[in-house]
Amino acid sequence: MKFVIVTGGVLSGLGKGITAASIGLLLKLRGIETTAIKIDPYINCDAGTMNPYQHGEVFVLDDGGETDLDLGHYERFLDCSLTSEHNITTGKVYREVIERERRGDYLGATVQVIPHITNEIKRRIRKVAKESGAEVTIVEVGGTVGDIESMPFLEALRQLHREVGGNENCVFVHTTLVPKISVVGEQKTKPTQHSVKELREIGISPDIIVGRCEEELLYDIKKKIALFCDVPIDAVISNPNVSTIYEVPLVFERQGLTNYLIKKMKLQPKNGDLSLWREFVERIKNPKYRVRIAIVGKYTYLHDSYISHKEALTHAGAKLRTGVDIVWVEAEDLEGGASIPDVHGIIVPGGFGKRGTEGKIMAIRYARENNVPFLGICLGFQLTVVEYARNVCGMEGANSTEFDENTPHPVVDLLPEQRDIKFMGATMRLGASDIVLDENSLVYKLYGKKVISERHRHRYEVNNEYVDVLERKGLRFVGRSKDRGLMEVLELPSNIFFVASQFHPEFKSRPFKPAPLYLGLVSAALKFKYGEDIIVNEVGNDGD
Ligand code: GLN
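From a predicted model like this one, the values you see are computed outputs, not experimental measurements. (Residues numbered from 1 in each chain as written. Predicted model: local features only at pLDDT ≥ 70, side-chain atom pairs only at ≥ 80, totals over all residues. Heavy atoms only, no water.)

Considering the environment of E335
And step 1. As for its position among the elements, E335 is in helix α13 (residues 331-335).
And step 2. Residue E335 is classed as partly exposed on the basis of its relative accessible area of 35%.
And step 3. Along the primary structure E335 and G359 are separated by 24 residues, whereas in three dimensions their C-alpha atoms are 4.9 Å apart.
And step 4. Not counting the four nearest positions on each side in its chain, E335 is found in contact with G356, T357, E358, G359 and M362. (Helix = DSSP H or I, 4+ residues; strand = E, 2+ residues; numbered from the N terminus. Buried < 20%, exposed > 50% of the residue type's maximum accessible area, 1.4 Å probe, protein only. Contact = heavy atoms within 4.5 Å.)

Structure below.
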């Protein structure tokens, strides 16, 4: 069991998650089994109760875990499916320890941060490392070194380092900022020096420094960081601006990071083929075609709120040699009279609460009436049903009871078991479940199979009492949940591409396995723009 611990200094948002995911990928491509854990030092038990404006999207796992978006990076880079145990939060740790204390497991003891909390942190990390069977477990610590919240975690990792014998078994990678100050035009190392000093004070010496910078670090700057931070110069790695996050592993590889890690950790690499990944990056950077796709949301000022949609579009675009330019549209602006921009496709993603819903309905109507390729996800699916009921079936005031409890036509409503729920945490319909598709549908064609498994995160459902009338007017529900016959996916056959799903296909999209509905949307956008069917499988890039 070996560990790579990724910490962050100076400030957040330095691409720590991408650094962790990239290291995982580079090791994996050398035949070394890798898994990843994200530590989030906040007190929430999971990310499910947080507003996307705070931390970006809530990423949903197969087992229904509502986690930090970095788990999405790990799944995409490592092409794996993780469980909620891979996201450790202060809330989860304390809840466990307090429950144990109440049970009497610590009778006689004073329960303290050291050793009880730190032991529980280490237990969780070891459990995941063991059960995953990975040779190397990457542990990313959220937040910045020096934050009060992350102290118990860093202390636990310091102990872990000693317990596993340090050196080749546990390596610390510290990510920092190397700003280039325009007045002097120089790359400055002082923030890095200070954050390493802070790390040292808590007993951790970094083995590798990854410097986030606008351009590659100059040789002299690397030398200076190496000297001040007491690491060899080969262990100072630049993380410069790149046009796609998928290029970061290539940038690290070029600087010898993988070889350095393999040597330092005494790993036995088996193969080392980056060519498929290189081709994937090449396709993203040099597309043959370009389309514009609008995402109509309510957290559009923080693009991270919709990160999995963005990545799913990138994956589909790479396969179709198409650069997808996302046009962010704030739903409320549409309500205020703004018009839909000139785009080749529209996505209405998931969301909660009334704000912006009427604007989203306007976007759906526009897509339907103008035959613009359209994909609605979760709330987008529910609002598609509302729009159709109102504007095609003549049901005035139709709505979801989430937004209008007294609507005369509750086309989207709570199931009885959701009505009495008092606790909001982890009580939605969550995680992967099976959906049976109608063989005579576009969605079936896209998936190429009858039973699919997709992830969910919602409380409300399409009201089955309205299905007949909606279908009589042309809307088709072409997928139902296997266990209970709930409506899962719809399409409007009269349009070029008008599809919406209750499930979230974006969470399972991977670089070499784009989510079928995004592939369908981007293909349709190409057709919409160029007026012809672009051949999908020009070059095999199927990774699996
Ligand atoms: N608010 C809706 C529900 O709870 C949709 C949720 C979502 O889009 N993730 O059912």
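Some details on the sheet that holds strand β16 (residues 399-400)
And step 1. Read from one edge of the open sheet, three strands run β16-β17-β20, paired in mixed fashion. At either end of the open sheet lies a strand with only one pairing partner, and these are β16 and β20 (460-462).
And step 2. Relative to strand β17 (residues 410-414), β16 is paired through two bridges, and the arrangement is parallel. Directly across from S400, in β17, lies its bridge partner V412.
And step 3. Those strands touched by helix α15 (residues 379-391) are β16, β17 and β20, and its axis lies near 150° from that of β17. (Pairing = 2+ DSSP bridges. Axes fitted to C-alpha atoms, helices over the stretch in contact; angles between N-to-C directions.)

A few points about the packing of aromatic side chains
And step 1. Following the criterion strictly, the structure yields 13 aromatic pairs and no others.
And step 2. Relative to Y530, the ring of Y289 lies with its centre 5.5 Å away and its plane at 65°, an arrangement referred to as edge-to-face. Here Y289, found in strand β12 (residues 289-297), pairs with Y530, found in helix α19 (residues 516-530); they are 241 residues apart in sequence, far enough to count as distant.
And step 3. For Y530, a relative accessible area of 31% puts it in the partly exposed group.
And step 4. Taken together, F77, Y246, W277, F280 and F512 form an aromatic cluster joined through their ring pairs. (Phe/Tyr/Trp six-rings, centres within 6.5 Å; stacked < 30°, edge-to-face > 60°.)

Section: the confidence of the model for the protein
The predicted coordinates ought not to be read in detail in places where the model reports low pLDDT.
And step 1. On average, the protein scores 94 in pLDDT, and the residues at 70 or more come to 98%.
And step 2. Here residues 537-544 is a poorly scored stretch, pLDDT under 50, and it has 17 contacts once near neighbours within four places are set aside; other chains count. (pLDDT = per-residue confidence, 0-100.)

As for the sheet that holds strand β6 (residues 136-141)
And step 1. One open sheet accounts for seven strands, arranged β5-β2-β6-β1-β7-β10-β11; its pairing is parallel. Each edge of the open sheet is held by one strand with a lone partner, namely β5 (87-89) and β11 (236-240). With direction set aside, neighbouring strand axes in the sheet form an average angle of 20°.
And step 2. Set on the sheet, helix α4 (residues 90-103) makes contact with β2 (34-40) and β5; between it and β5 the angle comes to about 65°.

Here's the deal with the pairing of β6
And step 1. In terms of residue burial, β6 counts as a mostly covered element, since six of its six residues are buried.
And step 2. Two strands pair when backbone bridges link them, and strand β1 (residues 2-8) and β6 are joined in this way by five bridges, in the parallel orientation. Within β6, the position partnered with V6 by the bridge is E140.

Topic: the side chain of D70
And step 1. Mapped onto the elements of the fold, D70 is located in helix α3 (residues 70-78).
And step 2. Aside from chain neighbours lying at most four places away, what touches D70 is G17, K38 and E140.

Considering a nonpolar patch on the surface
And step 1. On the surface, a nonpolar cluster with roughly 330 Å² of combined accessible area is contributed by Y94, I98, V113 and I114.
And step 2. Classification of Y94 as partly exposed rests on a relative accessible area of 31%. (Patch = residues over 30% accessible without salt bridge, like charges linked within 9 Å, V, L, I, M, F, W, Y side chains within 5 Å. Areas by Shrake-Rupley, 256 points an atom, 1.4 Å probe, with all protein chains shown as cover. Salt bridge = Lys/Arg side-chain N within 4 Å of Asp/Glu carboxyl O.)

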